[in-house]
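Understanding the architecture of this molecule
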Amino acid sequence: MSAVTTHLRPFGRKEPAAPLPDPKTAYERPLKRELANRVLIVYSAFYGFTWSTLFLTSIDLSKGPPLGFFGHLIATSISTMVLSVVGALPPLILRGRTVSGKITPAPTRGQMCMDLISNSHTWRILFYFATSGFSLAVVYVAWVNLSEWDDSKLSIFAPTRRNPFRLNERFIYLAFFNASLGLMFASRDIIRQRRLVVWPRFDELSERIASSPTLMAIDTFFSLLNTKAAVSTALVTVIHICIFPLWYHTLRAVVLPMLRNLPVLSGWTRPMLHGFGRTWSIDVSWSRLIALSFRTSFGWELVECAFDHWVIKPISVSCIVPNPNQTVVAGLHSKDQYFRYHAYLELCSLARSSSPAAAARRTALFTDMKTSPALWAAVVRELLLNLGRDYQCLIRRGKPPLPVVAPAPTPSVPRTPKTPTTPLLHKSILKPSPRSLFDPLASDGAVTQALTSMATLPKSVNVPSVFLPSPSTPRVAKDVVKTVQTKVADVAKATQTVRRGKRAVALAILSWVERHLPREWKVREWWTDVSVEKEAIACLPDARLDVVAIEALTHLVAASLREDTFGMVQRDIPRVLEALTSFLAETERFHEELEKKLPQDGDANSQDKAIIQDRVRAIEVVVPVLQALRSGIGLITKTFGDRLSVYKFPPVTANRLQPFMDYL
């Protein structure tokens, strides 16, 4: 009996509630596993593109493959694998590490360029693409030497009898050509800020994702049919082909003498660079060069487009984990905004679904109290915190929050020292020292003072010059120094006046030129022009995330009327409506400010079309949040109706809710 009673729990004692699971292990790990599968699909697409182009372009129809059909097939597969490793993996790894959903826009182009230069990701992207382009050129040269019959003249070395390790300038030209193409391609991606995830609008999201590999491959193929991206890539490649010869010859004229005259390594560099720079023309096959550049750039663009297509697709993690509700709630607390957005999407899909399984999951979400905090308390707190951060940012109009000033310390009252009872002696207590015979000759002695007073005697008194002190600086020298200092000050003042005049003339000429130039040629105005769209994005940096959060929160509150058996959600309705109405009022105020910046009917022709389009795009940033807030508050008021009268709302919130109640 004692063995049985030891396992009995005392009556009324509650088991401690388990904390929420860690987001990194519960939610991010299965999400990363699914993203890895999608990256494999992108890599497979690049492999197929590279294999087909390499196999078809390396066969001479008149002679056939040089290694036989099966030998050529094996060589093509191996070369394609190497090309895929050096061509597709660097962009994929780079995009996977630098992908971010947090947008920090700069109001001007100048500030944006300075932010990009100071960002470490910029230099990493440039290095990755330059290295990938150089490696692709090396692999391509090896493939050409392996698959062709004649001398391709693309080996790394061009040996002679005197210099067996002389570098081949054709190979150097081809390798640097592809590396500079990587720099130009990376610069375009950096300017476009391609590493930032551009989430689609909420109404454009597709909740169903194809699970079959065939359907996923077809979806990937159709995602690559991007005419705008193809035209942009072709334009970048053509511009690079045109400007690279000038860039290469300029760089060769500057760097080549420096390499030949290195103090220690000149004995090795001179034989290796022998023959470089003798002529301006380099015997390189331009057809091969153009084919390599287009194959490289379009391969990179294929990887980028496929990654952009799959990285924004919703991922459902709840269907592969044992505790779907706890996993999704843990994903809401993720520190990475990219993973948090997927958790928001999954919660919104659960809130909007009308299936019986979704209703059962919502009921379990409302009534589950096995965790600390409860699931619904964690959900509503996280959603309101996210909306509150953007609400405060909107109030500040995108400006950073003011620093918290510490309170000044209380000044301490100085204490007055007590008066001593013993009287103080105001005279020396030491015995005076005996006077010396040399005291009159000291600096303050009687003899020294008498000689000093002789210098001030009038000229009528004849005193021998021996007894007069000699002046330290002649009067003539002092006058010369003073004159020189005056002349130097005048010259400096005249020089400063001339500089100011030159600057004023230059600014006057520049302002006159800018007034008479068209807007497209005003470089300084283009560089410092403030974008209204960027200001709107700075005020609402997480607008797409806010829309999903509002949809999820309002639909869960509306579904709680029938599915919340314990009334856990109804207790939070007042603060939910108060937060939504405050956000709505500030958003409407900001929307009115943006509409005032639009030109009227008479001023539309006088303003530039680019300015008008920029202001229209700024309004398009705010409209989705405004519509989501109005529809969400309307859904709650329509669902509960007169039942909301049992709550006590603040007067401001009640006045904002009254139009929605009148609409019923």
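Residues numbered from 1 in each chain as written. Predicted model: local features only at pLDDT ≥ 70, side-chain atom pairs only at ≥ 80, totals over all residues. Heavy atoms only, no water.

In this section: the overall build of the protein chain. Looking only at helices and strands, the protein chain features 23 helices and two strands. The buried share of the protein chain, taken over its 664 residues, is 36%. Nonlocal contacts in the protein chain, meaning residues at least 24 apart in sequence, comprise 81% of its contacts between residues at least 6 apart. When the accessible surface of the protein chain is totalled, it reaches about 41500 Å², and 63% of it is carbon and sulfur. (Helix = DSSP H or I, 4+ residues; strand = E, 2+ residues; numbered from the N terminus. Buried < 20%, exposed > 50% of the residue type's maximum accessible area, 1.4 Å probe, protein only. Contact = heavy atoms within 4.5 Å. Areas by Shrake-Rupley, 256 points an atom, 1.4 Å probe, with all protein chains shown as cover.)

For the rest of this paragraph, the subject is the confidence of the model for the protein chain. For the protein chain, the mean per-residue pLDDT works out to 77, and 69% of the residues sit at or above 70. Long-range and interchain partners of residues 1–13, a stretch whose pLDDT sits below 50, account for two contacts in this model, where long-range means more than four residues apart. Across residues 206–212 the pLDDT falls below 50, and counting only partners more than four positions away or on other chains, this stretch makes 10 contacts in the model. (pLDDT = per-residue confidence, 0-100.)

Before going further, it helps to examine the environment of Val548. Locating Val548 in the fold gives a position in helix α20 (residues 543–563). Overall, the relative accessible area of 1% leaves Val548 in the buried class. For Val548 and Ala628, which are 80 residues apart along the polypeptide, the C-alpha to C-alpha distance reads 8.5 Å.

All right, on to a nonpolar patch on the surface then. Together, Phe176, Trp247, Leu251, Val254, Val255, Met258 and Leu259 make up an exposed nonpolar region whose accessible area comes to about 600 Å². The element that contributes the greatest number of residues to the nonpolar patch is helix α9 (residues 227–260), accounting for six residues. Its place among the elements puts Val254 in helix α9. (Patch = residues over 30% accessible without salt bridge, like charges linked within 9 Å, V, L, I, M, F, W, Y side chains within 5 Å. Salt bridge = Lys/Arg side-chain N within 4 Å of Asp/Glu carboxyl O.)

So, about the packing of aromatic side chains. Applying the stated rule across the entire model yields 14 aromatic pairs. Ring geometry for Phe366 versus Trp376: centroids 5.7 Å apart, planes at 85°, classification edge-to-face. In this pair, Phe366 sits in helix α14 (residues 356–367) while Trp376 sits in helix α15 (residues 375–395), placing the two residues 10 residues apart along the sequence. Residue classification places Phe366 among the buried positions, given a relative accessible area of 1%. Residue classification places Trp376 among the buried positions, given a relative accessible area of 2%. Connected via pairs of aromatic rings, a cluster forms that spans Tyr173, Phe177, Phe244, Trp247 and Tyr248. Sitting over the face of the ring of Phe185, Arg188 holds its NZ or CZ atom 4.6 Å from the ring centroid. (Phe/Tyr/Trp six-rings, centres within 6.5 Å; stacked < 30°, edge-to-face > 60°. Lys NZ or Arg CZ within 6 Å of the ring centre and 35° of its normal.)

What describes two packed helices is the angle between their axes and the distance between those same axes. One way to put it is that α20 packs onto helix α21 (residues 573–596) with a least axis distance of 12 Å and a crossing angle of 145°. The handedness of the crossing between α20 and α21 is left-handed. In this structure, α20 uses Asp546, Leu553, Thr554 and Val557 to contact α21, whose residues at the interface are Ile573, Val576, Leu580 and Phe583. Residues of the contact of α20 with α21, tallied by class, amount to six nonpolar, one polar and one charged. (Axes fitted to C-alpha atoms, helices over the stretch in contact; angles between N-to-C directions. Left-handed = near helix turned anticlockwise from the far one by under 90°. Nonpolar A, V, L, I, M, F, W, Y, C, P; charged D, E, K, R; others polar.)

Between its first and last C-alpha atoms helix α22 (residues 609–640) spans 47 Å; for 32 residues at 1.5 Å apiece the expected length is 46 Å, and the two agree. The sharpest bend along α22 measures roughly 30° and falls at Val622, with the proline Pro624 sitting one to four residues further on. Following α22 by one or two positions, Gly641 adopts a phi angle in the positive range, close to 60°. (Expected span 1.5 Å × (residues − 1). Bend = angle between axes of the 7 residues up to and from the residue.)

Across all of its chains, the model carries 19 salt bridges by this definition. Glu535 is the salt-bridge partner of Lys597, the closest N and O atoms lying 3.9 Å from each other. In this pair, Lys597 is assigned in the loop between α21 and α22 and Glu535 in helix α19 (residues 532–539), connecting sequence segments 62 residues apart. The closest approach of N and O atoms between Arg575 and Asp572, which form a salt bridge, is 3.5 Å. Judged by relative accessible area, which is 41%, Arg575 ranks as partly exposed. Under the relative-accessibility criterion, Asp572 is labelled buried at 15%. A single salt-bridge network, built from bridges that share partners, covers Arg95, Arg188, Asp189, Arg194, Glu301, Glu304 and Asp308.

It is worth spelling out a positive patch on the surface at this point. On the surface, Lys24, Arg29, Lys32, Arg33 and Lys335 cluster together to form a positively charged patch. Within the secondary structure, Lys32 sits in helix α2 (residues 23–57). A residue is classified by how much of its surface remains accessible, and Lys32, at 46% relative accessible area, is partly exposed. (Lys, Arg positive; Asp, Glu negative; His and termini not counted. Charge placed at Lys NZ, Arg CZ, Asp CG, Glu CD.)

With 85 residues, the main nonpolar core has Leu347, Trp376, Val379, Leu553, Leu556, Val557 and Leu594 as its most contacted residues. With 11 residues, α22 is the single largest residue contributor to this core. Among the nonpolar cores identified, the runner-up in size contains 18 residues, and Leu54, Ala75, Ala106 and Trp143 belong to it. (Core = buried A, V, L, I, M, F, W, Y, C linked by side-chain atoms within 4.5 Å.)

Among the secondary structure elements, Trp247 is positioned in helix α9. With relative accessibility at 39%, the residue Trp247 sits in the partly exposed group. Each C-alpha atom of the pair Trp247 and Ser180 lies 9.7 Å from the other, and the pair is 67 residues apart in sequence.

In this structure, the amide linkage connecting Ser372 to the following residue, Pro373, adopts the cis form with an omega of 0°. Looking at the secondary structure, you find Pro373 in the loop between β2 (371–372) and α15. Here the phi dihedral of Gln193 falls at roughly 55°; this positive angle occurs in a residue that is not glycine. Mapped onto the fold, Gln193 is located in the loop between α7 (169–192) and α8 (213–223).

Packing of α22 against helix α23 (residues 651–663) leaves a shortest axis separation of 10 Å and a crossing angle of 65°. The orientation of α22 relative to α23 falls into the category roughly perpendicular. Every pair of crossing elements has a handedness; the one defined by α22 and α23 is right-handed. On α23, the residues touching Arg630, Ile633, Gly634 and Thr637 of α22 are Leu657, Phe660 and Met661. Its residues placed into classes, the contact of α22 with α23 shows four nonpolar, two polar and one charged. (Parallel < 35°, antiparallel > 145°, perpendicular 65-115°, else oblique.)

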